[in-house]
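Chain by chain, the residues run as shown.
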Number of protein chains: 2
Amino acid sequence: MSELVAEEMPGARLAVLSGPTFAAEVAHGLPTAVTLACGDPDVGRALVAAIGTPCFRPYLTDDVIGAEMGGAVKNVLAIACGIVEGRGLGDNARAALLTRGLAELMRLAVAKGGRAETCMGLSGLGDLALTAASRQSRNYSLGVALGQGRPLADILKDRRSVTEGVATSASVVQLAGRLGVDMPICRAVAGMLHQGMAIEETIQNLLSRPFTEELGFSAGTPDRP
Amino acid sequence: MSELVAEEMPGARLAVLSGPTFAAEVAHGLPTAVTLACGDPDVGRALVAAIGTPCFRPYLTDDVIGAEMGGAVKNVLAIACGIVEGRGLGDNARAALLTRGLAELMRLAVAKGGRAETCMGLSGLGDLALTAASRQSRNYSLGVALGQGRPLADILKDRRSVTEGVATSASVVQLAGRLGVDMPICRAVAGMLHQGMAIEETIQNLLSRPFTEELGFSAGTPDRP
């Protein structure tokens, strides 16, 4: 989005707000913390002062790209976590998928010019921790229904709201391909949603990948065998 | 633990296994992934080959300290997340606490000679994602009971199992003080458990901290105001 805005409105002072924020909780004044990303530190600080309250706490960063990547990719990962839940694969598997999924997110953000740490902040990790464990989340609940065997078209037909991760999964895989970043989990989600890949077979493929080192998230470096 | 083992058994070839592993799920053959940390890459690879299966996937790292820190500090953070749940503060608050808590864990691990990325792996983030969202976890459920107003002594009296985070919270705060690392969430947990600090007041104190930048996790650097 920041690239589009910069093209359409050159010189606009842009900031990105992203993080774990169920709207109803914010409206009720429950404590909430978000990432506020802004390339201009003065504008960023002014925004924090304008919208921050003891119960709505913006954390400032200048990493606009990292914050945007977190907000987008987490929806794809939430679908993956939902599939694991819907399929009854257990909490260990969901926690592992969340962790390895965040490593993918970091690799993509870094390759795109963002920072890994941002993905480990409120946008990214924080948002995913909220999204990937609650049926309130549209992406997670879509994954649960898929995991239980309902066809995608069927699930979407009953929904009036947008489930962002469906379209995002295809965009993410495309971007990752262009940047040479290995994202097996996002690729698996896109494959199941858009190329009719079978869930069971996809899971078996993920589990049969060779064992690897844990730190495979530098830019453009696929997981080492 | 690795320091103790090295003292007592000099030259022992030590490895640490840590990660999101509800034992019952492992026993049922559900997919599980863990961090296997070993300073000697040959020993590490031999262990991965010996215990790895398609459904029990060890990810290798040489960062023993980081893996140990994740396994220990996550118990303290799980208590904090439980308190938020027990007090009805909402999912936004829990996700924020988890995220800012992991930033504390990273600061401590780095100050102690480990790596931040390890804390973002299966030991640390992965384990916390499991522990801090499930009443199956002893630390999380202790936090929930505290948040609901039950006194600590009362909760512990009914338990036959060990709730590690209670003792760990004091050790973590002590270590953080020695290394000059700012850990407000762990300090708050230790204060509530061991110094009779009131929960409501502690929460208000955390919420009234000055706004800060998001990336405050380099070694020994307290959150910048």
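To keep things clear, this report deals only with the structure shown in the data block. (Residues numbered from 1 in each chain as written. Chains lettered and ligands numbered in written order. Predicted model: local features only at pLDDT ≥ 70, side-chain atom pairs only at ≥ 80, totals over all residues. Heavy atoms only, no water.)

### Quick look at the overall build of chain A
Part 1 of the argument: A tally of helices and strands in chain A yields 12 helices and 3 strands.
Part 2 of the argument: Each principal axis of the C-alpha atoms in chain A carries an extent, and together these give about 50 × 40 × 35 Å.
Part 3 of the argument: Once local pairs closer than 6 in sequence are excluded, the contacts in chain A between residues at least 24 apart make up 66%.
Part 4 of the argument: With the model as given, the accessible surface of chain A reaches about 9,600 Å², and the carbon-plus-sulfur share is 55%.
Part 5 of the argument: Between the mean site of the 20 positive side-chain charges and the mean site of the 23 negative ones, chain A shows a separation of 4 Å. (Helix = DSSP H or I, 4+ residues; strand = E, 2+ residues; numbered from the N terminus. Contact = heavy atoms within 4.5 Å. Areas by Shrake-Rupley, 256 points an atom, 1.4 Å probe, with all protein chains shown as cover. Lys, Arg positive; Asp, Glu negative; His and termini not counted. Charge placed at Lys NZ, Arg CZ, Asp CG, Glu CD.)

### Points about the pattern of salt bridges
Part 1 of the argument: One pass over the structure, following the stated rule, counts 18 salt bridges over all chains.
Part 2 of the argument: Of the charged contacts, one joins Asp91(B) and Arg94(B) as a salt bridge, the two residues approaching to 3.4 Å between their closest N and O atoms. On the criterion of helical spacing, the pair formed by Asp91(B) and Arg94(B) is a turn pair, its members being 3 residues apart in helix 5 (residues 91–111). Like Asp91(B), the residue Arg94(B) is buried in the burial classification.
Part 3 of the argument: Here the salt bridges share partners, and the residues they tie into one network are Arg150(A), Asp154(A) and Asp158(A). (Salt bridge = Lys/Arg side-chain N within 4 Å of Asp/Glu carboxyl O. Buried < 20%, exposed > 50% of the residue type's maximum accessible area, 1.4 Å probe, protein only.)

### A word on the interface of chain B and chain A
Part 1 of the argument: If you look at the interface, chain B gives 55 residues, while chain A gives 55 residues.
Part 2 of the argument: Carbon and sulfur atoms make up 64% of the area that chain B and chain A hide from each other, which totals about 4,400 Å².
Part 3 of the argument: When the buried surface of chain B facing chain A is broken down by residue, Asn92(B), Phe211(B) and Glu214(B) rank first, second and third, together holding 17% of it.
Part 4 of the argument: Applying the counting criterion to the chain B and chain A interface returns 0 salt bridges.
Part 5 of the argument: For the pair chain B and chain A, the number of links is 12 residue pairs in polar contact (both at pLDDT 80 or more).
Part 6 of the argument: Of all the elements in the fold, those that place two or more residues in the side of chain B that touches chain A are helix 2 (23–27), strand 2 (32–38), strand 3 (56–61), helix 5, helix 6 (116–119), helix 7 (125–131) and helix 12 (199–207) of chain B. (Buried area = accessible area lost by both parts, 1.4 Å probe. Polar contact = N/O pair within 3.5 Å; in protein donor to acceptor, adjacent residues only side chain to side chain.)

Read these as spatial facts, not as claims about activity.
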